[in-house]
Amino acid sequence: MQTSINPATGAVIQTYPIHTQAQVQQAIDRAHECFLKWKKIPLAKRSDHLRKVAQVLLAKKAEYGRIISEEMGKTLKEAIAEVEKCASCANYFADNGENFLADDIIATEYRKSYVTFQPLGIVFGVMPWNFPFWQVLRFALPTLMAGNVGLLKHASNTPGCALAIESAFREAGLPDGAFQALLIPASRVEEVISNPKVIAVTLTGSTPAGKSIASLSGKYLKKTVLELGGSDAHVVLADADIEHAIKTIAASRMLNCGQSCISAKRLIVAESLKKRFENGIVEIFSKQKLGNPLEEATTVGPMARADLRDELHDQVQRSIKAGGRCLLGGKIPKGKGAFYPLTVLTDVKKGTPAYTEEIFGPVAVIISAKDEEEAIAIANDSVYGLGGAVYTKDIARGEKIARERIESGCCFVNMMVRSDQRLPFGGIKESGYGRELSAYGIHEFINIKSIIVA
Ligand code: NAP
């Protein structure tokens, strides 16, 4: 059984039977049959399907938003915004897919030479609970636009979201088998990856899960994209607009109750600004209302699961024991639900959990740096390389640091890191490999085929 539990109350929402081996095989066969027809559908028609998906998502955003909020705890406002972002992504690939997939003519001495982009088959997505619609749609929409079909293994705590997404595709009129959700545990992904009809695997999740998927993909020689954990450094230089940095970083760290791969996780602040920065973050965090995510007044909901909350608390406690100072929060509140208070740690020491591990919750981790060189060295002193940000009034200096010095898949100047369908998204180092979104993302799971006509 997979069980949806409301993290705000601990109450069971619904239980779902796990799919049997036979059901998984049937789903793969259905997906493959669908692929054989879907790949022949002209691009303009596939775009129409994607536009219909966008319409369904927008028409039902309140319903889907509620499913998301109840199942993983983000505020209803954030959940609805997530569904809207998915609709916008569907329209984006509908508008641009044809162009991204158009033949690329190469000038040679031959009569004709060009690159064509051909679909390959079933793409298997193993997805996390933290943005339970966005992460799934982010892989599924370009996959479908490219003429492939999608199979989903969602996180075990979000089966309701998995089935809701499947039904959205059905309601949008996509053919049977174009997108299906499999309710299976992580221990059964090999069953799918090993199937010869499955051509690729894309995982968004933790680094340990990535390593496990990468080894299975190696065993069966399947192409992979891995979108893994992160510990983004936000470097606040001495010449930063400090009030802007405080506001932006606090918002980034609170979004989704801090459970975002690109949340501002390590806040590396010039010594001269440290006191104001600490006070500013404490001030903003103190004003938040923790509570039921369905209530309008709530600004931060519970974490997605009690075990994740307990793990986070353990990281916080170990960091404090190792010399970090807790300026706010740090105590599990009494009562029901997987709540964790907005917490501020400062003077965090090298080698302690908050410095080296991914802190996946509403905890600001402040580390001070004596100058730009030290700040950059700390930023890069991580196994992760997903996103990053630099705050400075000197735009050219910020851009140079972002472009040349920070080791990450993206780095922004004077703004929070966010995914944007027009730009590729992904990491380096233990944050994974491959890219999602934009033209780069749609080209991950297609045959980039060279044609020469002599
Ligand atoms: P997770 O525990 O790794 O789970 C993600 C998915 O992988 C779930 O479907 C999970 O299934 C499955 N899984 C877990 N262990 C596996 C294994 N050994 N083999 C195969 N599949 C496995 O991660 P999470 O707690 O859901 O999500 C949080 C993590 O995702 C964080 O590290 C976050 O930074 C990362 N993330 C990265 C991005 C990005 O774009 N780079 C975006 C969002 C989140 P079960 O639920 O059944 O265990």
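Thresholds applied
Residues numbered from 1 in each chain as written. Predicted model: local features only at pLDDT ≥ 70, side-chain atom pairs only at ≥ 80, totals over all residues. Heavy atoms only, no water. Domains from an automatic or database assignment. Contact = heavy atoms within 4.5 Å. Buried area = accessible area lost by both parts, 1.4 Å probe. Polar contact = N/O pair within 3.5 Å; in protein donor to acceptor, adjacent residues only side chain to side chain. Helix = DSSP H or I, 4+ residues; strand = E, 2+ residues; numbered from the N terminus. Nonpolar A, V, L, I, M, F, W, Y, C, P; charged D, E, K, R; others polar. 1 Å grid on protein atoms, 1.4 Å probe; cavity = no way out; pocket = protein on both sides within 12 Å on 5 of 7 lines; lining within 4 Å. Points joined across faces, edges and corners; volume = space filled by probe spheres on them. Buried < 20%, exposed > 50% of the residue type's maximum accessible area, 1.4 Å probe, protein only. Lys, Arg positive; Asp, Glu negative; His and termini not counted. Salt bridge = Lys/Arg side-chain N within 4 Å of Asp/Glu carboxyl O. Phe/Tyr/Trp six-rings, centres within 6.5 Å; stacked < 30°, edge-to-face > 60°. Lys NZ or Arg CZ within 6 Å of the ring centre and 35° of its normal. Pairing = 2+ DSSP bridges. Axes fitted to C-alpha atoms, helices over the stretch in contact; angles between N-to-C directions.

Novice: Please explain the domain arrangement of the protein as it appears in this structure.
Specialist: The extent of an interface is frequently quoted as the accessible surface area lost upon association of the parts. Under the domain assignment, the protein is made up of domain 1 (2-228 + 431-453) and domain 2 (233-420). In this structure, domain 1 and domain 2 have C-alpha centres spaced 30 Å apart. Listed as interface residues are 24 residues of domain 1 and, on the opposing side, 28 residues of domain 2. Carbon and sulfur atoms supply 56% of the area that domain 1 and domain 2 bury against each other, a total of about 2,100 Å² over both sides. Among the residues of domain 1 in contact with domain 2, A8, W129 and S431 are the three that bury the most area, contributing 25% of the side total. Taken together, the connections running from domain 1 to domain 2 amount to 10 residue pairs in polar contact (both at pLDDT 80 or more). Looking at the side of domain 1 that touches domain 2, the elements with two or more residues in it are α3 (61-72), α4 (76-100) and α5 (134-145). In terms of residue count, the dominant contributor to the side of domain 1 that touches domain 2 is α3 (four residues). Here the residues of the side of domain 1 that touches domain 2 sort into nine nonpolar, eight polar and seven charged.

Novice: Would you explain empty space enclosed by the protein in this entry?
Specialist: With a probe scaled to a water molecule rolled over the atoms, the places where space remains empty come into view. A full pass over the atoms with the stated rule returns three cavities of 30 Å³ or more. Together, 16 residues line the largest cavity, and F139, P142, T143, G441 and F445 are the ones closest to its centre. Of all elements in the fold, only α5 and α15 (438-442) reach the threshold of two or more residues within the lining of the largest cavity. Broken down by element, the lining of the largest cavity gets its largest block of residues, four residues, from α5. A class-by-class count of the residues in the lining of the largest cavity yields eight nonpolar, four polar and four charged.

Novice: Honestly, the side chain of E78 in this entry has me stumped. Any pointers?
Specialist: Topologically, E78 is positioned in helix α4. Lacking a salt bridge, the buried E78 has K74 as its closest oppositely charged neighbour, with an N-O distance of 5.6 Å. Those residues in contact with E78, other than ones at most four positions away along the chain, are L255 and N256.

Novice: Any chance you could explain the layout of surface pockets here in plain terms?
Specialist: Its boundaries defined by the atoms lining it, the largest pocket holds a volume of some 940 Å³. In terms of lining, the largest pocket is formed by 38 residues, of which the most central are P128, W129, G205, S206 and A209. Those elements that provide at least two residues to the lining of the largest pocket are α5, β8 (198-204), α8 (207-220) and α11 (306-321). Considering each element in turn, the lining of the largest pocket owes the most residues, five residues, to α8. For the lining of the largest pocket, the residue count by class is 20 nonpolar, 11 polar and seven charged. Summarising the domain contributions, the lining of the largest pocket has at least three residues from each of domain 1 (2-228 + 431-453) and domain 2 (233-420). Looking at the second largest pocket, it is lined by 20 residues, and the ones nearest its centre are K85, F131, L255, R418 and S419. Elements supplying a minimum of two residues to the lining of the second largest pocket: α4 and α5.

Novice: Before we go on, may I ask you to explain the packing of aromatic side chains in this structure?
Specialist: To describe a pair of aromatic rings, you give the distance between the ring centres and the angle between the ring planes. In this structure the tally under the stated criterion is seven aromatic pairs. The rings of Y92, F93 and F100 are connected pair by pair, giving a single aromatic cluster. The aromatic ring of W134 is capped on one face by K85, whose charged end is 4.5 Å from the ring centroid.

Novice: Mind showing me how you'd approach the sheet that holds strand β9 (residues 223-227) here?
Specialist: The pairing of strands in a sheet happens through backbone hydrogen bonds and is either parallel or antiparallel. Taken in spatial order, the six strands make up an open sheet running β7-β6-β5-β8-β9-β19, and their pairing is mixed. Two strands in the sheet have a free side with no partner beyond their single neighbour: β7 (179-182) and β19 (432-433). Sheet analysis places strand β5 (residues 122-126) next to β8, joined by five bridges and oriented parallel. Within β8, the position partnered with I122 by the bridge is V198. Across the sheet, helix α1 (residues 21-38) touches β5, β6 (149-153), β7 and β8, and the angle it forms with β6 is around 155 degrees.

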